[in-house]
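Report on the structure
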Number of protein chains: 2
Amino acid sequence: MGIVNVAQTVSSVTPLSIDGLWFRELSVIPTHGGPVMHMLREDNPWFERFGEIYFSEVLPGAVKAWKRHRCQKQNFAVPCGQLAFVIYDDRANSPSAGLMERLVLGRPDAYKLLHIPAMVWYGFSCVSATPAILANCADIPHSPDEADKIPANSSRIPYEWQ
Amino acid sequence: MGIVNVAQTVSSVTPLSIDGLWFRELSVIPTHGGPVMHMLREDNPWFERFGEIYFSEVLPGAVKAWKRHRCQKQNFAVPCGQLAFVIYDDRANSPSAGLMERLVLGRPDAYKLLHIPAMVWYGFSCVSATPAILANCADIPHSPDEADKIPANSSRIPYEWQ
């Protein structure tokens, strides 16, 4: 198991150590009254399919973990506050089986698009003093049938949430 | 010209006085650590097409107005803070030509989906003490070629932003 800290200044797609996991910088356009922040367009080469857009508010210090989707792929951005994400790969046949990543997304310095493949575990916690908003533009609509959950303190995943 | 105040408690789609303009309640699901908030799914009967999802932050008291799209239709939600929207119809052949609507969207009591048709003018201002986030899941990607802008204080639209 390894933990990789991700540099926060890159201009294009950044593959992470876990197979299928990547992030890329998103444009933040200064505008009178407040910035405009891009997330995803149908003509982005990395866009696959629109299934659903929803939000998850995370209160300061709160943890939402662990979750895994069997089919759905996640596209995350954090337009408000800051979230620390931990992603863990225990896929039997994955070239990155056993690896873990941790990275922080949010405002004002880490506004990125984080892509999470199916069948890896992920969780997140709010590390800002104000509530954070997770936006997820997933490739298929949410269905509880294809999602697995285990408790944040499960011994199955070698990570301790603060 | 008329200004209509919109009741905030309805369970399904609510057509407004301007032709093609409507809103509907969105689910806010209480969850440990903070609520999950629906916005739009590909299997919603009212979903047309995914073009782009982006955000616009609006600082307290700031006004962003006026804008009109010739082709793009807007689907707005406000997952953070509160925004007051004003929509004005000056379409020559519209059954609602000359009408204006004002409504507030945002947290915690007015989390809704607001649909704005093409060719009407709209603007919004942040009426919360903290920054608001506008999420727009539009039916086509943004293109400056199909958008018109006029200043917030234009005499063309009979509304005074505070």
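Provided above is the structure to which this section pertains.
Computed from a predicted model, the values in this text were never measured in an experiment. (Residues numbered from 1 in each chain as written. Chains lettered and ligands numbered in written order. Predicted model: local features only at pLDDT ≥ 70, side-chain atom pairs only at ≥ 80, totals over all residues. Heavy atoms only, no water.)

1. Thoughts on the overall build of chain A
The condition that has to hold: By the criteria applied, helices consist of DSSP H or I runs no shorter than four residues and strands consist of E runs no shorter than two, each listed in order from the N terminus. We compute the radius of gyration from the C-alpha atoms alone; for a globule the expected value is 2.2 Å times N to the 0.38, where N is the number of residues. Residue exposure (1.4 Å probe, protein chains only): buried if accessible area is under 20% of the type maximum, exposed if over 50%, otherwise partly exposed. Should any heavy atoms of two residues lie within 4.5 Å, those residues are counted as being in contact. Residue-level accessible areas treat just the shown protein chains as cover; the underlying method is Shrake-Rupley with a 1.4 Å probe. For the purpose of charge, His is not counted, nor are the chain termini; Lys and Arg are scored as positive and Asp and Glu as negative. Charge positions are represented by NZ for Lys, CZ for Arg, CG for Asp and CD for Glu.
In terms of helices and strands, chain A carries zero helices and 14 strands. Mapped in sequence order, the helices and strands of chain A form the string β-β-β-β-β-β-β-β-β-β-β-β-β-β. Radius of gyration (C-alpha) of chain A: 15 Å, near the 15 Å computed for a compact globule of 162 residues. Out of the 162 residues in chain A, the part that is buried amounts to 58%. Long-range contacts, defined as pairs at least 24 residues apart, comprise 78% of the intrachain contacts of chain A with a sequence gap of at least 6. With the model as given, the accessible surface of chain A reaches about 7000 Å², and the carbon-plus-sulfur share is 53%. For chain A, the separation between the mean place of its 14 positive charges and that of its 16 negative charges on side chains is 2 Å.

2. Section: the pairing of strand β10 (residues 100-106) of chain B
All names here are of chain B. The line we're drawing: Pairing between two strands is assigned when DSSP locates at least 2 bridges connecting them.
Summarising burial for β10: five of the seven residues are buried, a large majority. Relative to β10, strand β9 (residues 82-88) runs antiparallel, the two sharing seven bridges. By the bridge assignment for β10, Val-86 is matched with Arg-102.

3. Thoughts on the sheet that holds strand β8 (residues 74-80) of chain B
Pairing between sheet strands relies on hydrogen bonds along the backbone, with the strands arranged either parallel or antiparallel. Spatial strand order, β4(A)-β5(A)-β6(B)-β13(B)-β8(B)-β11(B)-β3(B)-β2(B): eight strands in an open sheet with antiparallel pairing. Bordering the open sheet on either side are β4 (28-29) of chain A together with β2 (14-15) of chain B, each of which pairs with just one other strand. Pairing analysis gives three bridges linking β8 of chain B to strand β13 (residues 132-138) of chain B, with the strands arranged antiparallel. Across the sheet, Phe-76 of chain B pairs through a bridge with Asn-136 of chain B, a residue of β13 of chain B.

4. So, the interface of chain B and chain A
Test applied: Accessible surface is computed with a 1.4 Å probe, and the buried area is the amount of it that two parts give up when combined, taken over both parts together. Basic side-chain nitrogens of Lys or Arg form a salt bridge, by our definition, when they fall within 4 Å of a carboxyl oxygen of Asp or Glu. Nitrogen and oxygen atoms within 3.5 Å of one another constitute a polar contact, given that in protein one can donate a hydrogen and the other can accept it, and given that sequence-neighbouring residues count only through two side-chain atoms.
Of the residues lining the interface, 36 residues belong to chain B; the matching set on chain A comes to 36 residues. Together chain B and chain A conceal approximately 2900 Å² of surface at their shared face, both sides included; 59% is due to carbon and sulfur atoms. Taken as a group, Glu-42, Phe-50 and Phe-55 of chain B account for 24% of the area that chain B buries against chain A, more than any other trio of residues on that side. Inspection of the region where chain B meets chain A yields six salt bridges. Across the pair Arg-107 of chain A and Glu-57 of chain B runs a salt bridge, and its minimum N-O distance is 3.1 Å. Our enumeration of links across chain B and chain A arrives at 20 residue pairs in polar contact (both at pLDDT 80 or more).

5. What about the pattern of salt bridges?
Counting across every chain of the model gives 20 salt bridges over all chains. Note that Asp-90 of chain A and Arg-156 of chain A form a salt bridge whose closest N and O atoms lie 3.3 Å from each other. With Asp-90 of chain A in the loop between β9 (82-88) and β10 (100-106) and Arg-156 of chain A in the segment after β14 (147-149), this residue pair connects regions lying 66 residues apart in the sequence. On the basis of relative accessible area, Arg-156 of chain A is assigned to the partly exposed category, the value being 43%. Residues joined by salt bridges that share partners form a network here, namely Arg-41 and Asp-43 of chain A together with Glu-52 of chain B.

6. Concerning the environment of Phe-55 of chain A
Assignment of secondary structure puts Phe-55 of chain A in strand β6 (residues 52-58). Residues Phe-55 of chain A and Leu-99 of chain A lie 44 residues apart in sequence; the distance between their C-alpha atoms is 27 Å. Those residues in contact with Phe-55 of chain A that sit more than four places away from it in its chain are Ile-133, Leu-134 and Ala-135 of chain A together with Pro-35, Val-36, Met-37, Met-39, Phe-55, Pro-79, Tyr-111 and Ala-135 of chain B.

7. Some remarks on the relation of the copies chain B and chain A
What counts here: The least-squares superposition of copies is restricted to C-alpha atoms, and to residues with a pLDDT of at least 70 in both copies.
If you rotate chain B by 180 degrees and push it 0.0 Å along the axis, it lands on chain A with an RMSD of 0.0 Å. Read as a symmetry element, the transformation amounts to a two-fold axis. Using C-alpha coordinates, one finds that chain B approaches the rotation axis most closely at Phe-50 of chain B, a distance of 3.3 Å. Taken together, the interface assignments show that 100% of the residues at the interface of chain B recur at the interface of chain A, consistent with an identical surface on both copies.

8. Observations concerning the packing of aromatic side chains
Our working rule: Classification of ring pairs uses Phe, Tyr and Trp, with its six-membered ring standing for Trp, and accepts pairs whose centres are within 6.5 Å; under 30 degrees between planes counts as stacked, over 60 as edge-to-face, and the remaining range as tilted. Placement of a charge over a ring requires the Lys NZ or Arg CZ to be within 6 Å of the ring centre, with the centre-to-atom vector within 35 degrees of the ring normal.
With the rule as written, the count across this model stands at 18 aromatic pairs over all chains. Ring centres of Phe-76 of chain B and Tyr-122 of chain B lie 5.6 Å apart, and the angle between their planes is 70 degrees; this geometry places the pair in the edge-to-face category. Of this pair, Phe-76 of chain B sits in strand β8 while Tyr-122 of chain B is found in strand β12 (residues 121-126), placing the two residues 46 residues apart along the sequence. Among the aromatic residues, those joined into a ring-pair cluster are Phe-47 and Phe-50 of chain A together with Phe-47 and Phe-50 of chain B. Across the ring face of Trp-46 of chain A, the terminal group of Arg-24 of chain A is positioned such that the distance to the ring centre comes to 3.6 Å.

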